[in-house]
Amino acid sequence: MAGTHWIDNAACGDSNPDDLFAQMAQQKQAKAICDACAVRIECLAEALDSRIEFGVWGGMTERERKALLNRRPDVTSWRTVLDQAHEAFKQSRVG
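Before going into details, it helps to say that this report is about the structure given with it. (Residues numbered from 1 in each chain as written. Predicted model: local features only at pLDDT ≥ 70, side-chain atom pairs only at ≥ 80, totals over all residues. Heavy atoms only, no water.)

**Section: the overall build of the chain**
Then step 1. Tallying secondary structure elements over the chain gives five helices and zero strands in all.
Then step 2. Its helices and strands in sequence order give the chain the pattern α-α-α-α-α, from N to C terminus.
Then step 3. For 95 residues, the compact-globule estimate of 2.2 N^0.38 gives 12 Å, and the C-alpha radius of gyration of the chain, at 13 Å, lies within 12% of that figure.
Then step 4. C-alpha atoms of the chain, sized along the principal axes, occupy 40 × 30 × 30 Å. (Helix = DSSP H or I, 4+ residues; strand = E, 2+ residues; numbered from the N terminus. Rg over C-alpha atoms; globule rule 2.2 N^0.38 Å.)

**Re the packing of helix α3 (residues 40-49) against helix α4 (residues 62-71)**
Then step 1. Contact pair α3 / α4: the axes reach a minimum separation of 10 Å and the direction vectors enclose 65°. Judged by the inter-axis angle, α3 sits roughly perpendicular to α4. Note that α3 runs across α4; the crossing there is right-handed. In contact with L44, A47 and L48 of α3, α4 contributes R65, L68 and L69.
Then step 2. A class-by-class count of the residues in the contact of α3 with α4 yields five nonpolar, no polar and one charged. (Axes fitted to C-alpha atoms, helices over the stretch in contact; angles between N-to-C directions. Parallel < 35°, antiparallel > 145°, perpendicular 65-115°, else oblique. Left-handed = near helix turned anticlockwise from the far one by under 90°. Contact = heavy atoms within 4.5 Å. Nonpolar A, V, L, I, M, F, W, Y, C, P; charged D, E, K, R; others polar.)

**Regarding the layout of surface pockets**
Then step 1. Considering only enclosed or pocket space, the largest pocket measures out at about 290 Å³ in volume.
Then step 2. If you go around the largest pocket, you meet 19 residues; those closest to its centre are A10, C12, L20, C43 and W57.
Then step 3. Those elements that provide at least two residues to the lining of the largest pocket are α1 (17-20), α2 (25-34) and α3.
Then step 4. Class assignment for the residues of the lining of the largest pocket results in 15 nonpolar, three polar and one charged. (1 Å grid on protein atoms, 1.4 Å probe; cavity = no way out; pocket = protein on both sides within 12 Å on 5 of 7 lines; lining within 4 Å. Points joined across faces, edges and corners; volume = space filled by probe spheres on them.)

**Overview of the pattern of salt bridges**
Then step 1. The tally for this structure, following the rule as stated, stands at six salt bridges.
Then step 2. Between K31 and E64 there is a salt bridge, and its shortest N-O distance comes to 2.8 Å. Here K31, found in helix α2, pairs with E64, found in helix α4; they are 33 residues apart in sequence, far enough to count as distant.
Then step 3. Salt-bridge contacts for D83 lead to R79; the nearest nitrogen and oxygen are separated by 3.0 Å. With D83 and R79 both in helix α5 (residues 78-94) and four residues apart, the pair spans about one turn of that helix.
Then step 4. Given a relative accessible area of 31%, D83 falls into the partly exposed group.
Then step 5. For R79, a relative accessible area of 33% puts it in the partly exposed group.
Then step 6. The network of salt bridges with common partners includes E42, R79 and D83. (Salt bridge = Lys/Arg side-chain N within 4 Å of Asp/Glu carboxyl O. Buried < 20%, exposed > 50% of the residue type's maximum accessible area, 1.4 Å probe, protein only.)

Next comes the structure, spelled out in structure tokens:
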């Protein structure tokens, strides 16, 4: 995981790692940790670009990430896609 300095600022940094690799109902609790995380985009991009199969990353479960990857097999850099989507969202809120 090259270039993972964002990990130091992750909301889950003080969490029990087992909480992020939860199953079924507990995944909702794990995803809640990501809701206000300052590095959510970086985390999700890492999971998607690295094809990480397990755990909640950037607010998405493994099933959600797999579905997204299957819908968009053409994407070579999820970081770029997510950054662009975030910028578009911010611009839409401005006016």
